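One letter stands for each residue in the lines below.
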Amino acid sequence: MSEKQKRVYEAILDGATEGLSGNGLFDFVLERCPKATSKKIVRASLLALTDPDVTDRNILHTIYALAITHRMDEVGSTSDPDDDENPTEKSPVLRKLKKKRAATTELSEANQI
């Protein structure tokens, strides 16, 4: 774990231990680590969730909520290049599966004749 990530991780644990949650915890982490991004906070939160030394259920729940909330922020904030595509258009994988299924059906019908 890098030094920066460790500081964010420790700030998350300290804030959650103090009873902070949600935006209060997020703001607390940003105060202690001003250069932390939402992505770094989510990664540090996930590390905290996998830490065997963190056993308090309330702290784990708080950290989990923080990670999920800000992970969704990341997903919604960036522009998805696929957004310009027609949503009714099928993906290439689905088209390939549909063709395979049709070919299999035709073969099985031909074998029955």
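Residues numbered from 1 in each chain as written. Predicted model: local features only at pLDDT ≥ 70, side-chain atom pairs only at ≥ 80, totals over all residues. Heavy atoms only, no water.

Visitor: Now, about the pattern of salt bridges: what can you tell me, with residues and values included?
Guide: This model, assessed by the stated rule, comprises 1 salt bridge. Where Asp14 meets Arg32, a salt bridge forms, and the shortest distance between an N and an O atom there is 2.8 Å. Here the residue Asp14 occupies a position in helix H1 (residues 3–17), and Arg32 occupies one in helix H2 (residues 22–32), the gap between them amounting to 18 residues. (Salt bridge = Lys/Arg side-chain N within 4 Å of Asp/Glu carboxyl O. Helix = DSSP H or I, 4+ residues; strand = E, 2+ residues; numbered from the N terminus.)

Visitor: Break down a positive patch on the surface for me, citing the residues and quoting the values.
Guide: Taken together, the side chains of Lys4, Arg7, Lys35 and Lys40 define a basic patch exposed on the protein surface. Topologically, Lys40 is positioned in helix H3 (residues 38–50). (Patch = residues over 30% accessible without salt bridge, like charges linked within 9 Å, V, L, I, M, F, W, Y side chains within 5 Å. Areas by Shrake-Rupley, 256 points an atom, 1.4 Å probe, with all protein chains shown as cover. Lys, Arg positive; Asp, Glu negative; His and termini not counted. Charge placed at Lys NZ, Arg CZ, Asp CG, Glu CD.)

Visitor: Outline a nonpolar patch on the surface, listing residues and values.
Guide: On the surface, Tyr64, Ile68 and Met72 cluster together into a nonpolar patch covering about 320 Å² of accessible area. Position of Tyr64 among the secondary structure elements: in helix H4 (residues 57–77). Classification of Tyr64 by relative accessible area gives partly exposed; the value is 47%. (Buried < 20%, exposed > 50% of the residue type's maximum accessible area, 1.4 Å probe, protein only.)

Visitor: Tell me what's going on with the packing of H1 against H2, and back it up with residues and numbers.
Guide: Running from amino to carboxyl end, H1 crosses H2 at an angle of 135°, the nearest separation of the two axes being 9 Å. Between H1 and H2, the crossing angle belongs to the class labelled oblique. Both H1 and H2 take part in a crossing whose hand is right-handed. For the pair H1 and H2, contact is made by Val8, Glu10, Ala11, Ile12, Asp14, Gly15 and Ala16 and by Leu25, Phe28, Val29 and Arg32, respectively. Considering only residue class, the contact of H1 with H2 consists of 7 nonpolar, 1 polar and 3 charged. (Axes fitted to C-alpha atoms, helices over the stretch in contact; angles between N-to-C directions. Parallel < 35°, antiparallel > 145°, perpendicular 65-115°, else oblique. Left-handed = near helix turned anticlockwise from the far one by under 90°. Contact = heavy atoms within 4.5 Å. Nonpolar A, V, L, I, M, F, W, Y, C, P; charged D, E, K, R; others polar.)

Visitor: Tell me about the environment of Ile41, and name the residues and values.
Guide: Along the chain, Ile41 turns up in helix H3. When the C-alpha positions of Ile41 and Leu66 are compared, they lie 8.6 Å apart, and in sequence the two are 25 residues distant. Ile41 has contacts with Val8, Ile12, Phe26, Val29, Leu30, Ala36 and Leu66, leaving out every residue within four places of it along the chain.

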